[in-house]
Amino acid sequence: MRAFLAGQQAHSAAQTGDKAGALYHLGIAEVAMEQAESKAKAFGSYDPSSLAYHEAKVRWELGDKAGAIAAMETSDRLRYSVYVRNRVRMTGMLAEWKVQAGRLEEACVDWHRALDDYQAIQSGRADDRFRSMMAMIKPYQGNRHARDLYDRARPMARTA
């Protein structure tokens, strides 16, 4: 529970521009997670993937795009496969960040992975990520990867 709360505090501090506070709370979250893992206990579904997610959000808020993307990729690798809804949302967010960082083709790969599971879930937040993807990818129709993604996703738009 301490890791979860400290992760939330880190993200909140980062959102208000408190870099020192964000990094302080992120450090507390990391230590708390290590202690919880060493005792084979974690609070609810807060696990190493969740901690990496909080690190990603903190880094993004603080302007460290490359660090945020790397942390979100770590979160994705560590996420248990049963969390399909979270995977769709977080992979969509990762792709959005990659577009903003100028990594369009990598973003398309991530969005394709999100679409693999998208139709199997019902989530308003996943639908928001889907609509965001459609809006973000539309201007890049001159790129083959973006066009393929858009063409694949367009028939799914009716369900979002």
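These numbers come from a predicted model, not from an experiment.

*Asks:* How should I be thinking about the overall build of the protein chain in this particular structure?
*Replies:* Helix and strand content of the protein chain: eight helices and zero strands. What you see in the protein chain, going N to C, is helices and strands ordered as α-α-α-α-α-α-α-α. Its C-alpha atoms give the protein chain a radius of gyration of 17 Å, near enough to 15 Å, the size a compact globule of 160 residues would have. Dimensions along the principal axes, computed over C-alpha positions, put the protein chain at roughly 45 × 30 × 20 Å. The buried share among the 160 residues of the protein chain stands at 43%. In the protein chain, the share of contacts with a sequence separation of at least 24, taken over all contacts with a separation of at least 6, comes to 58%. When the accessible surface of the protein chain is split by element, carbon and sulfur atoms take 50% of a total near 8,600 Å². Side chains of the protein chain give 24 positive and 20 negative charges; the mean places of these two sets differ by 3 Å.

*Asks:* How should the confidence of the model for the protein chain be read in this particular structure?
*Replies:* Should pLDDT be low for a region, the predicted coordinates there are not to be read in detail. On average, residues of the protein chain score 90 in pLDDT, and 92% of them are at 70 or above. Averaged over each element, pLDDT in the protein chain is lowest for helix α2 (residues 19–38) (84) and highest for helix α8 (residues 144–153) (97).

*Asks:* I tried to follow the packing of helix α5 (residues 84–100) against helix α7 (residues 124–137) on my own but got confused; where do I start?
*Replies:* Between two packed helices, what matters for the description is the angle formed by their axes and the separation of those axes. Axis separation between α5 and α7 bottoms out at 9 Å; the angle between their running directions is 25°. With respect to α7, the axis of α5 lies roughly parallel. Here α5 runs over α7; the crossing is left-handed. Contacts between α5 and α7 involve Val 88, Arg 89, Gly 92, Met 93, Glu 96, Val 99 and Gln 100 from the former and Arg 125, Ala 126, Arg 129, Ser 132 and Met 136 from the latter. Its residues placed into classes, the contact of α5 with α7 shows five nonpolar, three polar and four charged.

*Asks:* Which parts of the structure should I look at to understand the pattern of salt bridges?
*Replies:* Opposite charge on two side chains permits pairing when their charged atoms draw close. Enumeration over the complete set of coordinates arrives at 14 salt bridges. Of the charged contacts in the structure, one is a salt bridge between Asp 76 and Arg 113, with a shortest N-O distance of 2.9 Å. In this pair, Asp 76 sits in helix α4 (residues 65–78) while Arg 113 sits in helix α6 (residues 104–118), placing the two residues 37 residues apart along the sequence. Note on Asp 76: relative accessible area 16%, which makes it buried. On the basis of relative accessible area, Arg 113 is assigned to the partly exposed category, the value being 32%. One network of salt bridges, in which partners are shared, links Glu 73, Asp 76, Arg 79, Lys 98, Arg 103, Glu 106, Asp 110 and Arg 113.

*Asks:* Got a minute to help me understand the environment of Tyr 140 in this structure?
*Replies:* Locating Tyr 140 in the fold gives a position in the loop between α7 and α8. Residue class for Tyr 140 comes out partly exposed when judged on its relative accessible area of 34%. When near neighbours in sequence (up to four residues on either side) are disregarded, Tyr 140 contacts Val 99, Leu 104, Ala 146 and Arg 147.

*Asks:* Explain the side chain of Ser 75 to me, please; I cannot follow it from the model alone.
*Replies:* Along the chain, Ser 75 falls in helix α4. Excluding residues within four positions of it along the chain, Ser 75 makes contact with Ser 49, Ala 52 and Tyr 53.

*Asks:* For this particular structure, what's the right way to read the side chain of Ser 123?
*Replies:* Mapped onto the elements of the fold, Ser 123 is located in the loop between α6 and α7. Polar side-chain contacts of Ser 123 include one of 3.1 Å to the backbone nitrogen of Ala 126. Sequence-distant contacts of Ser 123, defined by excluding residues within four places in its chain, comprise Arg 85 and Arg 89.

About the criteria used
Residues numbered from 1 in each chain as written. Predicted model: local features only at pLDDT ≥ 70, side-chain atom pairs only at ≥ 80, totals over all residues. Heavy atoms only, no water. Helix = DSSP H or I, 4+ residues; strand = E, 2+ residues; numbered from the N terminus. Rg over C-alpha atoms; globule rule 2.2 N^0.38 Å. Buried < 20%, exposed > 50% of the residue type's maximum accessible area, 1.4 Å probe, protein only. Contact = heavy atoms within 4.5 Å. Areas by Shrake-Rupley, 256 points an atom, 1.4 Å probe, with all protein chains shown as cover. Lys, Arg positive; Asp, Glu negative; His and termini not counted. Charge placed at Lys NZ, Arg CZ, Asp CG, Glu CD. pLDDT = per-residue confidence, 0-100. Axes fitted to C-alpha atoms, helices over the stretch in contact; angles between N-to-C directions. Parallel < 35°, antiparallel > 145°, perpendicular 65-115°, else oblique. Left-handed = near helix turned anticlockwise from the far one by under 90°. Nonpolar A, V, L, I, M, F, W, Y, C, P; charged D, E, K, R; others polar. Salt bridge = Lys/Arg side-chain N within 4 Å of Asp/Glu carboxyl O. Polar contact = N/O pair within 3.5 Å; in protein donor to acceptor, adjacent residues only side chain to side chain.

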